[in-house]
Amino acid sequence: ETGVTQTPRHLVMGMTNKKSLKCEQHLGHNAMYWYKQSAKKPLELMFVYNFKEQTENNSVPSRFSPECPNSSHLFLHLHTLQPEDSALYLCASSHPRVGLANTGELFFGEGSRLTVL
Amino acid sequence: SQQGEEDPQALSIQEGENATMNCSYKTSINNLQWYRQNSGRGLVHLILIRSNEREKHSGRLRVTLDTSKKSSSLLITASRAADTASYFCATPNTGGFKTIFGAGTRLFVKA
């Protein structure tokens, strides 16, 4: 138990479906992240939220829409995805950056395995 | 471009042997971190080494950092079958939120 919970763990969807991934953290962190992990590729940073404000959007297609209603919850809304979007989507959280004192250690959830048919 | 690159991509050893994984990175860093991932699961933080440190130990883990060569190594001593996993180095950028991961080394420890 890492303190970061992702649901669902597995999701199969068609290209015309709309679904959402949910992430919740109980660690008192203020920064939350979405990473994408595809087979044989490094983890790709998708979005970063710090104190509910989006600070990074790593050129992610608009069919992925993040939402951060508060510092404990993060969603990834999915719409008209492509088969190449099939991957493991990982949520992580960390303390906010405070100069050099913060190490930037990330705490990950178990991931949501997405398959797009 | 990718910040960290691990070497080798895959490593297969017998239980009891030591496993060494290497990581190279491209820019200046404040610290370097190693994570472990069991198949299909999330990543778990293992150990962190700051830029002013050269070596760090944690249990059976030993990490070295050479900032002049922009490289780090992770040594797992007396490996166990339960160490079978993928291992990633990661470098957070100072002041920002971009932690970049390498492609990882897949370690298989045979019992």
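For the structure, check the block above.
The following paragraphs examine the structure supplied in this document. (Residues numbered from 1 in each chain as written. Chains lettered and ligands numbered in written order. Predicted model: local features only at pLDDT ≥ 70, side-chain atom pairs only at ≥ 80, totals over all residues. Heavy atoms only, no water.)

### Considering the overall build of chain A
- Looking only at helices and strands, chain A features 0 helices and 11 strands.
- Overall, chain A shows an N-to-C arrangement of helices and strands of β-β-β-β-β-β-β-β-β-β-β.
- In terms of overall dimensions, chain A is globule-like: its C-alpha atoms have a radius of gyration of 14 Å, near the 13 Å expected for 117 residues.
- In terms of overall dimensions, chain A has C-alpha extents of about 45 × 30 × 30 Å along its principal axes.
- Within chain A, the fraction of its 117 residues that count as buried is 48%.
- Expressed as a percentage of contacts within chain A between residues at least 6 apart in sequence, the contacts between residues at least 24 apart total 55%.
- About 5,500 Å² of surface is accessible on chain A, with carbon and sulfur atoms providing 52% of the total.
- Each charge sign in chain A was given a centre, from 11 positive and 10 negative side chains, and these centres are 6 Å apart. (Helix = DSSP H or I, 4+ residues; strand = E, 2+ residues; numbered from the N terminus. Rg over C-alpha atoms; globule rule 2.2 N^0.38 Å. Buried < 20%, exposed > 50% of the residue type's maximum accessible area, 1.4 Å probe, protein only. Contact = heavy atoms within 4.5 Å. Areas by Shrake-Rupley, 256 points an atom, 1.4 Å probe, with all protein chains shown as cover. Lys, Arg positive; Asp, Glu negative; His and termini not counted. Charge placed at Lys NZ, Arg CZ, Asp CG, Glu CD.)

### Remarks on the pattern of salt bridges
- The final tally for this structure, using the stated rule, is 5 salt bridges over all chains.
- When the shortest N-O distance is used, the salt bridge between Glu55 of chain B and Arg62 of chain B registers 3.3 Å. (Salt bridge = Lys/Arg side-chain N within 4 Å of Asp/Glu carboxyl O.)

### Some points on the sheet that holds strand S6 (residues 55-58) of chain B
Residue and element names in this part refer to chain B.
- Ordered by their spatial adjacency, 5 strands build an open sheet running S1-S3-S8-S7-S6, and the pairing between neighbours is antiparallel. Of all strands in the sheet, those bounded by a partner on one side alone are strand S1 (5-7) and S6. Strand-to-strand twist of the sheet, defined as the mean angle between neighbouring strand axes without regard to direction, takes the value 20 degrees. (Pairing = 2+ DSSP bridges. Axes fitted to C-alpha atoms, helices over the stretch in contact; angles between N-to-C directions.)

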